[in-house]
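Inside the fold
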Amino acid sequence: MDRAFAAISDPTRRGILHRLGRGDASISDLASQFDMTLTGMKKHIAVLEGAGLVATAKVGRVRTCRLGPQRLDAEAAWMRMYQEMVDARLDRLGKFLERTKGGAS
Amino acid sequence: MSAATKSANKSTVSKPSDREIRIERTFDAPRDRVWRAFTDPKLLAQWWGRGNKLVIEKFELERGGHWRFVEHGPEGKHGFEGRFREVTPKDRIVQTFEWDGMPAYVIIETLELTDLGDGRTKVVTLSLFHTTEERDGMLESGMEEGLNQSYEALDRLLATME
């Protein structure tokens, strides 16, 4: 979850997810659309790919990006992470209550 | 005796509407203790932050009061904040929730505690996601298909969760 968290914490990466939600794009297309260097865009794509939010495939000399196996855009990814966060938090609350049982409460 | 009732308590996740997620769970603890775990900053800091250090910068537990938590994880800091909209002791808290990483995605969270009368407490969190305006703005910008796909993915995800 931390990886996905880190992946969508950046506004450019959220923009990339929104863009890919409308159709596939090459890294160089994305770089020019987001007005950044190819190297910079590659780094963002690597982070998104590491979180499973984007998948890439090399066709000829062009690396094409599309939404990853999760098929989630930034908003849905955020909702999902939020939900996991709430759920995991309740887990920890349960453990905390267990651990502090009988304490000066 | 508590060993026998050792909790296999699990969350129940449901979607009461297009914009809400409801998570219900029962805890083997009386309501007073659960309330304190949610409202005493010293206790909150011990469980809220995913095992990371949690700094509670603000916690003004009253209507209109501001709260702000900063979680110090291995991959950096994450700030969360919001305002309290309703505070009814031992019963109910309504607050806004915003993560620094997704500014303007404000979630309205309702926390409800119910005393089950046998030393256990039912905790229900209801999360209401972003405004209709934001949603409609998204649709106008051609996001409909992407959103539908996302919601389908979310549906599948929710279906796999107990």
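All residue numbers here refer to positions counted from 1 along the written sequence of the relevant chain. Just so you know, chain letters begin at A and ligand numbers begin at 1, following the order they were written in. In keeping with the predicted nature of the model, local features appear solely for residues at pLDDT of at least 70, side-chain atom pairs appear and are counted solely at 80 or more, and the whole-chain, interface and lining totals rest on all residues. Excluding hydrogens and water, the side-chain figures rest on all heavy atoms present in the structure.

Quick notes on the overall build of chain B
Counting its secondary structure elements, chain B contains three helices and eight strands. Numbering of helices and strands starts at the N terminus; helices are DSSP runs of H or I of at least 4 residues and strands are runs of E of at least 2. Taken from the N to the C terminus, the helices and strands of chain B come in the order β-β-α-α-β-β-β-β-β-β-α. Only protein chains enter the accessibility calculation, which uses a 1.4 Å probe. A residue is then buried if its area is under 20% of the maximum for its type, exposed if over 50%, and partly exposed in between. Taking all 162 residues of chain B together, 40% fall into the buried category. With residues, only the protein chains shown are counted as cover, and all accessible areas are computed by Shrake-Rupley using a 1.4 Å probe. Of the roughly 8,600 Å² of accessible surface on chain B, a fraction of 48% belongs to carbon and sulfur atoms.

What about the pairing of strand β3 (residues 53-59) of chain B?
All names here are of chain B. Here, strands pair whenever DSSP counts at least two bridges between them. Alignment of β3 against strand β4 (residues 66-73), held across six bridges, turns out to be antiparallel. By the bridge assignment, V55 is partnered in β4 with V70. Linking two consecutive strands that pair antiparallel, namely β3 and β4, is a turn of six residues; a positive phi of about 85° is found at G64 within it.

Focus on the pattern of salt bridges
Criterion for a salt bridge: a side-chain nitrogen of Lys or Arg within 4 Å of a carboxyl oxygen of Asp or Glu. With the rule as written, the count across this model stands at twelve salt bridges over all chains. Between D87 of chain A and R25 of chain B there is a salt bridge, and its shortest N-O distance comes to 3.0 Å. Residue D87 of chain A is located in helix α5 (residues 74-99), and its partner R25 of chain B is located in strand β2 (residues 20-27); the two belong to separate chains. The residues D87 of chain A and R25 of chain B share a single accessibility class, namely buried. Each of E57, R68, E81 and D100 of chain B takes part in a single network of salt bridges with overlapping partners.

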